[in-house]
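# Analysis of the macromolecular model
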Amino acid sequence: MRFDLVIIGTGSGNSLLDPRFAGLKVALVERGVFGGTCLNVGCIPTKMFVHTADIALMPSSSSKLGVDETLDAVHWPQIRDRVFGRIDPIAAGGREYRTDHPDNANVTVFAGEARFTGDRTLEITPNDGSDPVTISGERVVLAAGGRAVVPDIPGIDEVEYHTSDTVMRLEKLPARMVVIGGGFIAAEFAHVFSAYGVEVTVVARGGVLLRQEDRDISERFTELARQRWDLRLGRQVRRVAKTDTGVLVELDDGTTAEGEVLLLATGRTPNSDRLDVDRGGIEVTGSGHVVVDEYQRTTAEGVWALGDISSPWELKHVANHEARVVQHNLLHPDDLVAADHRFVPHAVFTAPQIASVGLTEQQALDRGVRYVTATQDYAGIAYGWAMENTTGFAKLLADPATGQLLGAHILGPQAPTLIQPLIQAMSFGLDARSMARGQYWVHPAMPELIENALLNLPLD
Ligand SMILES: Cc1cc2nc3c(=O)[nH]c(=O)nc-3n(C[C@H](O)[C@H](O)[C@H](O)COP(=O)(O)OP(=O)(O)OC[C@H]3O[C@@H](n4cnc5c(N)ncnc54)[C@H](O)[C@@H]3O)c2cc1C
Ligand SMILES: NC(=O)c1ccc[n+]([C@@H]2O[C@H](COP(=O)([O-])OP(=O)(O)OC[C@H]3O[C@@H](n4cnc5c(N)ncnc54)[C@H](O)[C@@H]3O)[C@@H](O)[C@H]2O)c1
């Protein structure tokens, strides 16, 4: 079967199609649940759980403000079913729209696994067990994302383990959970489950959690996490074994950790291998990411890639941006636009929240960049007094000569929201002094944290 356009993956890949593609014969291939990672097992459900976790945590700190609260109960099935009761119909509706709606008369949806067998040619193994189908496309878009890594730990095949794909659908809350990994997923789920009353042990190889963050952020976060979770840092897992109630994790220092649930949060890997991209003449990097140029073109003529399969950031807002770039470039082959990866922010929705954009201080030092830095504690702004916050801060890096921001890192309440004006300033080249004094800052609102951090920068 020949198509004008073949899209593999219905996460960000699904958002490419709009009425401007109505004249093309399109194949959309999805082996899993329609809508991809972010909608079904990623950003959206996790943040819905995080919101309830934040509420469940409130009584633990409200008494210092003179308000005694108690957490009476956490109704896991109700929390879980609210999340998936909202999400599952969206996935089903998205699929139905593409398969049944007259808007998509030009679109054929294949429910199955695609693999390259040649240049822009793929074999699809249908999920329903029917015979494989071969399709080819004038143009092909790879939006096949990535998957959770299951590390090769002795005993792992004999125990029941979870990844982010399954842990949100647990039948019931365990009393104890062991999380292996010290990155984004570990930090978010450890927060969620511990807020619900689960005793959480986190095992990580590094000496700090979230070690890719600016060192001041990862150290402060680790210090605070230690107060909530049993942290086993700088340890390797020697083996895992089944117990009567769950899983025993044995560490290289001879200590053990036990839980009814074991969560593996040890990174994600791109799905390029399972697509046999080499047979389509498509090159990958050492980490398995599909190589793309600034226009999101792969090394194979007529094949484009976007999102986690090609992006080292593995973030939804990056996948969305790249999807818009690919969409434009498919529609305007003579007027290609480049993806803009200059200032990619991220946030970790744990407790306290973290957000970051641009260089960390360690990266600035490594690159020999001239910089100055300033911090501002939440404790030093009026809204921080209102919250009695004593641990949060914003840290900025800037070029001392021009005042251009080089990096921003925030740990504390609403960090993912507070960072947005800094992303804007960096993206549009607004210098720190103009940003601080060229506008009003609502008093006494939380963005005064940013205003003060900007004013603290010791610029030339
Ligand atoms: C637990 C978790 C929380 C996250 N939270 C955030 C967050 O808060 N903010 C953020 O920015 N990012 C977050 N992310 C990352 C974000 O989900 C991803 O960056 C984003 O979903 C990637 O989109 P994509 O379109 O590239 O891939 P996906 O959404 O993964 O879509 C790829 C699709 O391709 C299908 N597919 C794969 N191989 C084949 C094949 N061979 N044949 C047919 N179909 C195939 C898959 O089934 C999948 O549906 C989170 C990720 C996880 C796991
Ligand atoms: N808020 C967000 O934006 C958000 C939230 C969740 C996930 N994500 C995305 O999903 C990706 C995956 O998240 P993640 O937390 O799994 O990855 P990560 O790369 O952030 O962390 C992986 C962790 O696992 C550890 N690890 C790796 N292999 C190991 C092994 N064999 N044994 C023990 N530890 C091991 C690493 O040292 C690291 O601490 C992230 O890169 C992120 O882009 C984003």
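Everything numeric here is computed off the predicted structure, so don't read it as measured data.

Examined at the domain level, the protein breaks down into domain 1 (2-146 + 269-331), domain 2 (156-266) and domain 3 (352-456). The centre of domain 1, based on its C-alpha atoms, is set 33 Å off from the matching centre of domain 3.

This part takes up the site of ligand 1. In the neighbourhood of ligand 1, 36 residues make up the surrounding shell, with Ser12, Glu30, Thr37, Lys47 and Asp308 lying closest. A distance of 2.5 Å separates an oxygen atom of ligand 1 from a polar side-chain atom of Thr37. Lys47 is positioned with one of its side-chain polar atoms (N or O) 2.7 Å from an oxygen atom of ligand 1. Coverage of ligand 1 by the protein amounts to 93% of the 1000 Å² it exposes when considered alone. Ranked by residue count, the leading element in the shell around ligand 1 is helix α1 (residues 36-41), at four residues.

Before going further, it helps to spend a moment on the packing of helix α2 (residues 43-57) against helix α5 (residues 184-195). Running from N to C, α2 and α5 point in directions that differ by 45 degrees, and their axes come no closer than 8 Å. As judged from the angle between their axes, α2 and α5 are oblique. In the packing of α2 onto α5, the handedness of the crossing is left-handed. Contacts from Thr46, Lys47, Phe49, Val50, Ala53, Asp54, Ala56 and Leu57 of α2 reach α5 at Glu188, Phe189, His191, Val192 and Ala195. Residue composition of the contact of α2 with α5, grouped by class: eight nonpolar, two polar and three charged.

Looking now at the UniProt feature "binding site: NAD(+)" (unreviewed entry) in the protein. This chain's UniProt record puts "binding site: NAD(+)" (unreviewed entry) on Gly181, Gly182, Gly183, Phe184, Ile185, Ala186, Ala187, Glu188 and Gly267. Across 87 residues in sequence, these annotated residues keep their C-alpha atoms within 13.3 Å of one another, forming a single compact spot. Residues from the named set that contribute to the lining of the largest cavity are Ile185 and Gly267. Judged by its relative accessible area of 33%, Phe184 falls in the partly exposed class. Leaving out residues up to four positions away in the same chain, Phe184 has contacts with Leu210, Leu315, His346, Ala347 and Val348.

About the thresholds
Residues numbered from 1 in each chain as written. Chains lettered and ligands numbered in written order. Predicted model: local features only at pLDDT ≥ 70, side-chain atom pairs only at ≥ 80, totals over all residues. Heavy atoms only, no water. Domains from an automatic or database assignment. Near = heavy atom within 4 Å. Polar contact = N/O pair within 3.5 Å; in protein donor to acceptor, adjacent residues only side chain to side chain. Areas by Shrake-Rupley, 256 points an atom, 1.4 Å probe, with all protein chains shown as cover. Helix = DSSP H or I, 4+ residues; strand = E, 2+ residues; numbered from the N terminus. Axes fitted to C-alpha atoms, helices over the stretch in contact; angles between N-to-C directions. Parallel < 35°, antiparallel > 145°, perpendicular 65-115°, else oblique. Left-handed = near helix turned anticlockwise from the far one by under 90°. Contact = heavy atoms within 4.5 Å. Nonpolar A, V, L, I, M, F, W, Y, C, P; charged D, E, K, R; others polar. UniProt positions renumbered as here; feature names shortened; annotations may be inferred. 1 Å grid on protein atoms, 1.4 Å probe; cavity = no way out; pocket = protein on both sides within 12 Å on 5 of 7 lines; lining within 4 Å. Buried < 20%, exposed > 50% of the residue type's maximum accessible area, 1.4 Å probe, protein only.

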